[in-house]
Amino acid sequence: MSTTVKLISGDGFTFVIEKNVAEHSPTIKNMLDVSHGGAFTEALTNEIKFPEIKGKVLEKVCQYLYYKHRYAAEGSTDRVPEFQFDLELSLELLMAADYLDC
Amino acid sequence: MPLANKRPGGRILPARRLTPQVEPQQQFEKLAQAINEIYKHNVSQLSFEEYYRTAYNLVLSKSGSLLYNGVRTVLETHMRESVERGILHLAQAADADPTTENNEAFLFSVRLLWSEHVTAMLMIKDILMYVDNVYVKTAHLPSIYEMGMCVFRDTVLLPPPLSSSAGNGSSGLSARVVKAVLRQISGERNGEEVNRSTLQGISNMLVELRDAASPTRAVFEVILEPQLLSESRTYYHDLAEQRIKSLDAPEYARKAQADLDAEADRVQAYLASTTDRLLRGVLQDELVTAYAPDILVIPNDGLTQMLDRRDIPALGVLYNIYAPLSQPLGVLRTGVMNHIRLQGGQITAALLAPGSSGGEVKKAEAASEVSSLGVAAKTVMALRWVQDILALYDVYDEFFHKSFNEGASMRSAINDAFIEVINANNRAPELLSLFMDDNLKNGLKRRAEQDVDHLLERSVLMFRFLKNKDAFEHYYKVHLARRLLSARSESDDAEQSLVSKLKVECGSQFTLKLEGMFKDMQLSADMARDLRATSEYAALGLDLNVSVLTPTFWPTLAPAQQPVSITSESSKNNGDCDDGDPTAIVLPHGTLRESADAFSAYYLKFHSGRRLTWQYAMGNADLKVNFGGRTYELNVSTYQMIILLLFTDTESAEAEAEAKILTAAEIQQKTHIPEEPLSRQLQSLACGKYRVLNKTPRSREVSPTDTFSFNMEFKSPQYRIRIPVVSAKNNVETEKEKAASQAIIGQERMYLIEATIVRIMKTRKQMAHEALVNETITQLSSRFLPASKMIKDCVGKLLDREYLQRSPEDPRVYNYLA
């Protein structure tokens, strides 16, 4: 079973990230979930298409998931640096965040 | 994602759609299709993202309510169709022919639909997560999953009465499900094999579904549990009614226990855990509580028989089913107590029966003359009483440990019953002390150490049960005194151990005097050793043993005399500090008197300021006596020695022993031995087994004019002869002695009560009559139960002596006068 998952943006960009990182988004986690006895195509192919999300935004999303993975770990005492992104992307990122529930 | 970035530069790009806009209704159709695919197990062909996005878009385009209600309709339709397609015919089959198999098939199909529904709902809930997070929250609706559960409940099981969604006349399956489950349970009770996992699935379903009217309760509690309980009640009610007529108690108890276990197992296997307590309650009501008294009195084999048969396992089962229930436990307690009372009563009756049949009442006047044989036999009976009671206690103690699970309530029941049994015999304090006396004198050598311990412990236990502990103390002191003075006790360790056990029970106050007695004996022994080393002692020419007793510790052995007991060997000596007291016993022989005086002198040299009074009643002596050429060694009491020496005296002085004849009155006058002990001593010398003296006339009665002479013809095969002395042995008291003891005990009680009242009043200063009586009873209860009449008398005496006065304001209140 693969430990990575492929995220594909609406404009055709592909991001391969680790599954346990991707699952910081509850939406993605549910897509990959097989515990209810049935698997959606995403879980079978380890490939998720996001037709509504642009590559530029999805890249930031991936960065954010890693950022969250790094600093949100329980018991982490590191000082958390600010997450950097371009202001012009903020609205689209907001939409994506809402969509991905993270 | 936190968007707290405020870096300057660039304008914010608008969020533009990448995919074309579609009509909401059209989008929903896509979702509805997906839901149906999920039910068809075609998940793997569906893209989660696609449907998630669809739901997302619908919510964003304000079509949440369309989506939510639409999903409900899809689910309802699916449920209804599934029931019609896969379940209804099975339900009808089970209705028409309720065999185990048909019920099983029906329940299995319901359970299958349920489990598929749950699985599907978990996935539907996931793809509709955005709906839950955004629309459901703001619209205050049940979550998608909860809504799915309600759809199942309202469509499959329990359509709301006025709901159009029930449709097509189907009234829901709940009644049939309940009926089928109950039939399966009843089948299992009757020994049929049922599929427990199906039933478990059904139960889980009913537990998980919430009731529509009261969402805190599970459907299980509303539709299944009440019927299950009432059906079980009927079933066990009938069963119990039938069993009580046909089974004996052990079997009834075993069956009830098995039923309780089986139902608990059933609940655990496939019913809701909340049912456990309720269902057990039903069984306990019907099987145990309803027949609690009846089971115990089942004629051919009830509680009585079980106790008599010592059926430990059966009693254990009986206790197990009774113990958790307070009322039946009370019945069992009472049953056990009654049987103890009965058995104990029989033991006590056996003790009393021979005594009353002997016409003792008529002979009460002659009680002091009861033959030593008769008294000895009664003593044996008395010992047997204690022994039997203790053996009975051992039996119940075993029940307590092995059958009654060491339950505190049974312990108290057993103990209470024994307290009643023991105290119902008003001679119990005396008999117990006698029993201890006998065992300390004769019994120990035959027993191993742990048996001795057990025996002592049991004795102390009985002591604990005694209400009149002061009476026991009285007897114990008398018996202990005799054991110590005649050196009859077998083991000092056992004596000491017993006293220390009594001390634990009653405190050091209680054993103070007993310990004082031991101390006196020890001091006397030390002094005897020192005395033997002196030259004065060597000059006496006889072996002298004196016990110096402190009068406050020892029971009054003879009235108005400070007890000093003397024993001597080889030649016999009773000492007497004759200071002119005309009632003092007269020592007839020079050597004896010298010895006694020597001892007194020796003693007073070390303990100036004390007064010694000689006490002869308890001593004994070894005498070498010459009967016309043959010499015997006689072991006699001190009194007997004095009497015999009268004859010897004469012989040496006038050398005509045979001619010396004394009347009883003369002997009394010469010796000053009180009349009653004298006649007893003369009896044992002249009328017993060994006739050392001749008596004229030859009757057993001794009158002052009877004459006695030395029996020169005396012969015996043995060299050493022990002349039995009635008084030196601890026997059951005669009526007269008993009355005397009662008087002593009564007097002691008066003193104790008075002392207690004064002590209480000294601290309280003022007290009402009732409170004073109660407090006095409380303080004395460890020793005896004072009658309030007695307390009232004591208060009266204290008023007379002006320790107390009545309060001027209220005559029911007393003041303490310093």
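Fair warning: this is a prediction, and the values are worked out from it, not measured in the lab.

K.L.:
Can you help me understand the overall build of chain B in this one?
P.N.:
For chain B, the count of helices and strands is 30 helices and 11 strands. In chain B, which comprises 818 residues, the proportion classed as buried is 36%. Within chain B, contacts between residues at least 6 apart in sequence are counted, and of these 69% link residues at least 24 apart.

K.L.:
Help me out: how do you make sense of the overall build of chain A in this one?
P.N.:
In terms of helices and strands, chain A carries 5 helices and 3 strands. Scanning chain A from its N terminus toward the C terminus, one meets helices and strands in the order β-β-α-α-α-β-α-α. The C-alpha atoms of chain A give a radius of gyration of 14 Å, which matches the 13 Å a tight globule of 102 residues would have. With the C-alpha coordinates aligned to their principal axes, the bounding extent of chain A is approximately 40 × 35 × 20 Å. Burial analysis of chain A (102 residues in total) assigns 28% to the buried set. Pairs at least 24 apart in sequence give 65% of the contacts found in chain A among residues at least 6 apart.

K.L.:
When you look at the sheet that holds strand β10 (residues 804-806) of chain B in this model, what are you seeing that I'm missing?
P.N.:
Two pairing modes exist for strands in a sheet, parallel and antiparallel, and in both the strands are linked by backbone hydrogen bonds. Residue and element names in this part refer to chain B. The strand order β9-β11-β10 describes an open sheet built from 3 strands, whose pairing is antiparallel. Only two strands of the sheet have a single partner each, and these edge strands are β9 (766-768) and β10. Within this sheet the neighbouring strands show an average axis-to-axis angle of 30°, counted without direction. Note that β10 and strand β11 (residues 813-816) share 3 bridges and pair antiparallel. When the sheet's bridge partners are listed, arginine 806 is paired in β11 with tyrosine 814.

K.L.:
Help me understand the interface of chain B and chain A, please; the structure alone is not making it clear to me.
P.N.:
Much of the literature gives interface size as the accessible area that the parts lose upon coming together. Tallying the contact residues gives 31 residues for chain B and 34 residues for chain A. When residues of the side of chain B that touches chain A are assigned to their parent elements, the largest contribution, 5 residues, is made by helix α2 (residues 48-60) of chain B. In terms of residue class, the side of chain B that touches chain A is made up of 15 nonpolar, 10 polar and 6 charged.

K.L.:
Sorry, what's going on with the packing of helix α3 (residues 64-96) of chain B against helix α4 (residues 100-127) of chain B here?
P.N.:
For any two helices packed against each other, one specifies the inter-axial angle together with the distance between the axes. Residue and element names in this part refer to chain B. At a closest axis distance of 8 Å, the pairing of α3 and α4 adopts a crossing angle of 155°. When the axis of α3 is compared with that of α4, the two are roughly antiparallel. Crossing hand, α3 versus α4: left-handed. Judged by residue contacts, Ser82, Gly86, Ile87, Leu90, Ala91, Ala93 and Ala94 of α3 engage Asn102, Asn103, Ala105, Phe106, Ser109, Val110 and Leu113 from α4.

K.L.:
What is the right way to read the domain arrangement of chain B from this model?
P.N.:
All names here are of chain B. Looking at chain B, the domain boundaries give domain 1 (24-209), domain 2 (224-322), domain 3 (326-523), domain 4 (534-728) and domain 5 (735-816). Centre-to-centre, using C-alpha coordinates, domain 1 lies 41 Å away from domain 2. Taken together, the contact pairs 11 residues of domain 1 with 9 residues of domain 2. Tallied by class, the residues present in the side of domain 1 that touches domain 2 amount to 6 nonpolar, 3 polar and 2 charged.

K.L.:
Looking at this model, I keep getting lost on the nonpolar core. Mind explaining?
P.N.:
Side chains that are nonpolar tend, in soluble globular proteins, to be buried together. All names here are of chain B. With 200 residues, the main nonpolar core has Ala55 and Val131 as its most contacted residues. Of all the elements, α3 adds the most residues to this core, at 11 residues. Beyond its immediate stretch of four places on either side in the chain, alanine 55 contacts Leu31, Leu67, Ile127, Leu128, Tyr130 and Val131. With 11 residues, the next largest nonpolar core counts Ile753, Leu772, Ile791 and Cys794 among its residues.

K.L.:
Would you mind going over helix α6 (residues 144-157) of chain B with me for this structure?
P.N.:
Within an α-helix, residues lying three or four positions from one another point in the same direction, as the helix has 3.6 residues per turn. Residue and element names in this part refer to chain B. For α6, which comprises 14 residues, the first-to-last C-alpha distance of 19 Å matches the rise-based estimate of 20 Å (1.5 Å per residue) to within 8%. When α6 is considered as a whole, its buried residues turn out to be Ile144, Met147, Gly148, Met149, Val151, Phe152, Arg153, Asp154, Thr155, Val156 and Leu157. Among the structural elements, α3, α4, α5 (129-139), α7 (174-189) and α9 (219-246) are those in contact with the buried residues of α6.

K.L.:
Where do I start with the sheet that holds strand β7 (residues 707-710) of chain B in this structure?
P.N.:
Residue and element names in this part refer to chain B. Read from one edge to the other, the open sheet built from 3 strands follows the order β5-β7-β6, with strand pairing classed as antiparallel. A single partner strand is all that each edge strand has here, and the edge strands are β5 (661-663) and β6 (693-696). Looking at each pair of strands side by side, their axes are set apart by 30° on average, direction ignored.

K.L.:
Is there a simple way to explain the UniProt feature "domain: SKP1 component POZ" (unreviewed entry) in chain A in this structure?
P.N.:
When the UniProt feature table is mapped onto this chain numbering, "domain: SKP1 component POZ" (unreviewed entry) sits at residues 4-69 of chain A. Annotated as residues 4-69 of chain A, this span is 47% helix and 23% strand, and its ends, taken at the C-alpha atoms, are 15 Å apart.

K.L.:
Could you clarify how one ought to interpret the environment of glutamate 37 of chain B in this entry?
P.N.:
Residue and element names in this part refer to chain B. Mapped onto the secondary structure, glutamate 37 falls in helix α1 (residues 24-39). Since 16 C-beta atoms lie within 10 Å of it, glutamate 37 is described here as partly exposed. Separated by 774 residues in sequence, glutamate 37 and proline 811 have C-alpha atoms that sit 99 Å apart. Here glutamate 37 is in contact with Asn42, Gln45 and Leu46, once residues within four sequence places are set aside.

K.L.:
Can you help me understand the packing of helix α4 (residues 55-71) of chain A against helix α5 (residues 90-100) of chain A in this one?
P.N.:
All names here are of chain A. Taken N-terminus to C-terminus, the directions of α4 and α5 make an angle of 60°; their axes are 10 Å apart at the nearest point. Our classification of the angle between α4 and α5 gives oblique. Between α4 and α5 the crossing geometry is right-handed. From α4, Val57, Lys60 and Val61 reach across to α5, where they touch Glu92, Leu93, Ala96 and Leu100. A per-class count over the contact of α4 with α5 returns 5 nonpolar, no polar and 2 charged.

K.L.:
Whenever I open this one, helix α11 (residues 275-288) of chain B confuses me. Can you help?
P.N.:
Across its 14 residues, α11 of chain B extends 19 Å between first and last C-alpha, which sits within 8% of the 20 Å expected from 1.5 Å per residue. Of all the positions in α11 of chain B, only Thr275, Leu279, Val282, Leu283, Gln284, Glu286, Leu287 and Val288 of chain B are classed as buried.

K.L.:
Before we go on, may I ask you to explain unusual backbone geometry in this structure?
P.N.:
The bulk of non-glycine residues show a negative phi, and the bulk of peptide bonds are trans. Residues and elements named next belong to chain B. The phi torsion at histidine 41 lies on the positive side, around 65°, for a residue other than glycine. According to the C-beta neighbour criterion, histidine 41 is exposed, with 12 such atoms within 10 Å. Positive phi values are uncommon outside glycine, yet lysine 765 reaches one of about 70°. Tracing the backbone shows lysine 765 in the loop between α28 (735-764) and β9.

K.L.:
Explain the pairing of β7 of chain B to me, please; I cannot follow it from the model alone.
P.N.:
Along any regular strand the residues' side chains alternate between the sheet's two faces. All names here are of chain B. Burial along β7 is one-sided: the residues Phe708 and Phe710 are buried and none of Thr707 and Ser709 is. In this structure, β5 lies alongside β7, joined through 3 bridges in antiparallel fashion. Following the sheet pairing, isoleucine 661 is matched in β7 by serine 709.

K.L.:
How should the confidence of the model for chain A be read in this particular structure?
P.N.:
A low pLDDT score tells you not to read the predicted coordinates there in detail. Per-residue confidence for chain A averages 87 on the pLDDT scale, and 94% of its residues sit at or above 70. Within chain A, the element-level pLDDT minimum falls on helix α3 (residues 41-45) of chain A, averaging 89, and the maximum on strand β2 (residues 14-18) of chain A, averaging 94.

K.L.:
Explanation requested: the confidence of the model for chain B in the structure shown.
P.N.:
Residues and elements named next belong to chain B. Confidence in the prediction for chain B averages 81 pLDDT; 85% of positions are at 70 or higher. Predicted confidence for residues 558-583 stays below pLDDT 50, and this span has 87 contacts to residues more than four positions away or in other chains. Long-range and interchain partners of residues 650-658, a stretch whose pLDDT sits below 50, account for 8 contacts in this model, where long-range means more than four residues apart. In the predicted assembly, ipTM is 0.92 and pTM is 0.71.

Calculation notes
- Residues numbered from 1 in each chain as written.
- Chains lettered and ligands numbered in written order.
- Predicted model: local features only at pLDDT ≥ 70, side-chain atom pairs only at ≥ 80, totals over all residues.
- Helix = DSSP H or I, 4+ residues; strand = E, 2+ residues; numbered from the N terminus.
- Buried ≥ 20, exposed ≤ 12 C-beta atoms within 10 Å, placed from the backbone.
- Contact = placed C-beta atoms within 7 Å.
- Rg over C-alpha atoms; globule rule 2.2 N^0.38 Å.
- Pairing = 2+ DSSP bridges.
- Axes fitted to C-alpha atoms, helices over the stretch in contact; angles between N-to-C directions.
- Nonpolar A, V, L, I, M, F, W, Y, C, P; charged D, E, K, R; others polar.
- Parallel < 35°, antiparallel > 145°, perpendicular 65-115°, else oblique.
- Left-handed = near helix turned anticlockwise from the far one by under 90°.
- Domains from an automatic or database assignment.
- Core = buried A, V, L, I, M, F, W, Y, C linked by C-beta atoms within 7 Å.
- Expected span 1.5 Å × (residues − 1).
- UniProt positions renumbered as here; feature names shortened; annotations may be inferred.
- pLDDT = per-residue confidence, 0-100.

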